[in-house]
Amino acid sequence: MSQIEQIVQELTLAFEGEPWHGPGLIEIVSGVDAKAASAHPIAEAHSIWELVLHIAAWERAINTRIVQRKALQLNDEENFPRVTDASESAWRQTIEKLRQHHRELVATASGLSESQLSEQVPGKPYDIRFMLHGAAQHAAYHGGQIALLKKHSALSTQQSGKS
């Protein structure tokens, strides 16, 4: 397996496959409705929705860094966008945006040459290989946070049904 194929596999597994650590991100967010996604069950913590927007923003940013060879950094609003419409249709659009940004990143990674993996990311002290591995780790990290928030939401729903 080439380095490119390995990275693409890593990105795919973390997002929609069956990685060794548990479910992929898309499986984790499946079954989450807009109400649960927009809830803030932990004070000062991001909601599931905000985390999904954050992951989508970084998948897009990483893709832009590679394609445009641009030293891109997200500002606070881009890094964790606010949820302005908490409807079910807006939630579905958010998930589709996440899927689209991920497809674009995988397509870009698939089209790289092995030598491009060693190119430095503009404005950063690391190469494209390191950044792409980081993208998979980023999805797994926030997927874990989302899984805990989802579990908390399910427990809260069960407890409120028993009252």
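Cut-offs used in this document
- Residues numbered from 1 in each chain as written.
- Predicted model: local features only at pLDDT ≥ 70, side-chain atom pairs only at ≥ 80, totals over all residues.
- Heavy atoms only, no water.
- 1 Å grid on protein atoms, 1.4 Å probe; cavity = no way out; pocket = protein on both sides within 12 Å on 5 of 7 lines; lining within 4 Å.
- Points joined across faces, edges and corners; volume = space filled by probe spheres on them.
- Helix = DSSP H or I, 4+ residues; strand = E, 2+ residues; numbered from the N terminus.
- Nonpolar A, V, L, I, M, F, W, Y, C, P; charged D, E, K, R; others polar.
- Phe/Tyr/Trp six-rings, centres within 6.5 Å; stacked < 30°, edge-to-face > 60°.
- Buried < 20%, exposed > 50% of the residue type's maximum accessible area, 1.4 Å probe, protein only.
- Salt bridge = Lys/Arg side-chain N within 4 Å of Asp/Glu carboxyl O.
- Core = buried A, V, L, I, M, F, W, Y, C linked by side-chain atoms within 4.5 Å.
- Contact = heavy atoms within 4.5 Å.

A. Inspection of the layout of surface pockets at higher detail. Of the volumes computed, that of the largest pocket is approximately 240 Å³. Lining the largest pocket are 14 residues, and of these A57, R60, A61, L74 and E78 lie nearest its centre. When residues of the lining of the largest pocket are assigned to their parent elements, the largest contribution, six residues, is made by helix 4 (residues 48-68). For the lining of the largest pocket, the class distribution of residues is seven nonpolar, two polar and five charged.

B. Structural context of the packing of aromatic side chains. Applying the stated rule across the entire model yields two aromatic pairs. On the basis of an interplanar angle of 40° and a centroid distance of 5.2 Å, the ring pair of Y126 and F130 is categorised as tilted. The partly exposed category is assigned to Y126, whose relative accessible area is 23%. Judged by its relative accessible area of 53%, F130 falls in the exposed class.

C. Seen up close, the pattern of salt bridges. Overall, the coordinates contain four salt bridges when judged by the stated rule. The shortest N-O distance in the salt bridge between R69 and E119 comes to 3.9 Å. Residue R69 is found in the loop between helix 4 and helix 5 (76-79), and its partner E119 is found in the loop between helix 6 (88-110) and helix 7 (128-162); the two are separated by 50 residues along the sequence. For R69, a relative accessible area of 38% puts it in the partly exposed group. Residue class for E119 comes out partly exposed when judged on its relative accessible area of 31%.

D. Local environment of the nonpolar core. If you look at the biggest cluster of nonpolar residues, it comprises 41 residues, and the most contacted ones within it are L11, W91, L132 and I146. Not counting residues within four places of it along the chain, the set of residues in contact with L11 comprises H102, L105, V106, A109, L132, A135 and A136. Within the second largest apolar cluster, five residues are counted, among which are A57, W58, L72 and L74.

E. Highlighting unusual backbone geometry. Backbone geometry at E44 places phi at a positive 70°, although glycine is not the residue there. By secondary structure assignment, the location of E44 is in the loop between helix 3 (34-38) and helix 4. For E44, a relative accessible area of 85% translates into the label exposed. The phi torsion at R69 lies on the positive side, around 50°, for a residue other than glycine.

Nothing here speaks to function; it is all geometry.
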